[in-house]
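# Secondary and tertiary structure notes
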Amino acid sequence: MSFLAHALVVVLIAGGIMLLGTVAAFFVVRRLARRRWRQVREHAVTRGVLSGLSTLSAWRERRGVRVPSHELSHVTAARARRLMWMAIEDAEAAVKHADASHAPVAELPAVCRSLRRVGAELDRMLRLERRLAADQGGPDAVRTQVAEVIRAARDVQSAALRACSDATAPQVHSLVRTAREEIEIVGAALSRMRSVASH
């Protein structure tokens, strides 16, 4: 066997050994990293951070519900549907609470039912959005309607919350007045007790 052949065999063997070593090192490092991550993930601080990030994400998503139609055109159909249903459910919850608090809700429950019916139709259209070509203009029209439903739902939610606030205002004022009177009575009683004790 010539020197070139010997050199080629040595290079192939060395390359194979290096490749096997690299693969083995990769799996060892990955296993150690996974084990370390499990330990870190179970730590109370890590759980708190992950929980905080999840809460922040949910808060940002709810803050982002009031998005104009041109911004909705840049989000996925699934996110547009999620934002729409979030707004509708928030409106329904606010109206239900206002009604339970005996606040004037007028026809807001009926409006919520209409929002849900229209939302179901838009939901179906968003699910079928993938069947439309990008240049047909269908998705943009649907997103515009979704944005309008979201705005209407947020307006209903705001109106219901204002009604709740107006309905509970007398109770809050009465409670504050009663608490102030009781605090004054307790203060006067303590003053008399100190006066008696000093004599």
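On a predicted model such as this, the values are computed, not experimentally measured, just so you know. (Residues numbered from 1 in each chain as written. Predicted model: local features only at pLDDT ≥ 70, side-chain atom pairs only at ≥ 80, totals over all residues. Heavy atoms only, no water.)

### Considering the overall build of the protein
- Counting secondary structure elements, the protein contains 6 helices and 0 strands.
- Order of helices (α) and strands (β) in the protein, N terminus to C terminus: α-α-α-α-α-α.
- Split by element, the accessible area of the protein, about 14,500 Å² in all, is 63% carbon and sulfur. (Helix = DSSP H or I, 4+ residues; strand = E, 2+ residues; numbered from the N terminus. Areas by Shrake-Rupley, 256 points an atom, 1.4 Å probe, with all protein chains shown as cover.)

### Here's the deal with the packing of helix α4 (residues 77–100) against helix α5 (residues 108–127)
- The interhelical angle for the contact between α4 and α5, taken along N-to-C directions, is 170°, at an axis separation of 10 Å. Relative to α5, α4 is oriented roughly antiparallel. Between α4, through Ala 77, Ala 80, Arg 81, Met 84, Trp 85, Ile 88, Glu 89, Ala 91, Glu 92 and Val 95, and α5, the contact on the second element is made entirely by Leu 108, Pro 109, Cys 112, Leu 115, Arg 116, Gly 119, Ala 120, Leu 122, Asp 123, Leu 126 and Arg 127.
- In the contact of α4 with α5, the residues fall into 14 nonpolar, 1 polar and 6 charged. (Axes fitted to C-alpha atoms, helices over the stretch in contact; angles between N-to-C directions. Parallel < 35°, antiparallel > 145°, perpendicular 65-115°, else oblique. Contact = heavy atoms within 4.5 Å. Nonpolar A, V, L, I, M, F, W, Y, C, P; charged D, E, K, R; others polar.)

### What about α4?
- When the terminal C-alpha atoms of α4 are compared, their 34 Å separation across 24 residues agrees well with the 34 Å that a helix rising 1.5 Å per residue should span.
- Positive phi appears at His 102, one or two residues downstream of α4, with a value of about 60°. (Expected span 1.5 Å × (residues − 1).)

### A few points about unusual backbone geometry
- The phi torsion at His 102 lies on the positive side, around 60°, for a residue other than glycine.
- Of note, His 102 is situated in the loop between α4 and α5.
- Of the residues examined, His 102 reaches a relative accessible area of 75% and is grouped as exposed.
- Its identity as a non-glycine residue notwithstanding, Ala 106 has a phi of 50°, on the positive side.
- Locating Ala 106 in the fold gives a position in the loop between α4 and α5. (Buried < 20%, exposed > 50% of the residue type's maximum accessible area, 1.4 Å probe, protein only.)

### Here we look at the pattern of salt bridges
- A complete count under the given rule lists 5 salt bridges for this structure.
- One salt bridge connects Arg 81 with Asp 123, and the closest N-O pair in it is separated by 2.8 Å. Separated by 42 residues along the polypeptide, Arg 81 in helix α4 and Asp 123 in helix α5 bring together distant segments of the chain.
- The exposure class assigned to Arg 81 is buried, which follows from its relative accessible area of 19%.
- For Arg 124, the salt bridge goes to Glu 121, with nearest N and O atoms at 2.7 Å. With a gap of 3 residues between them, Arg 124 and Glu 121 both fall in helix α5, about one helical turn apart.
- Judged by relative accessible area, Glu 121 falls into the partly exposed class, the value being 37%.
- Bridged by salt links that share partners, the residues Arg 81, Asp 123 and Arg 127 form one connected network. (Salt bridge = Lys/Arg side-chain N within 4 Å of Asp/Glu carboxyl O.)

### Observations concerning the side chain of Asp 90
- With respect to the helices and strands, Asp 90 occurs in helix α4.
- Exposure remark for Asp 90: the relative accessible area of 17% places this residue in the buried category.
- Within the local environment of Asp 90, its side chain forms a polar contact with the side chain of Arg 154, the two groups lying 2.9 Å apart. (Polar contact = N/O pair within 3.5 Å; in protein donor to acceptor, adjacent residues only side chain to side chain.)

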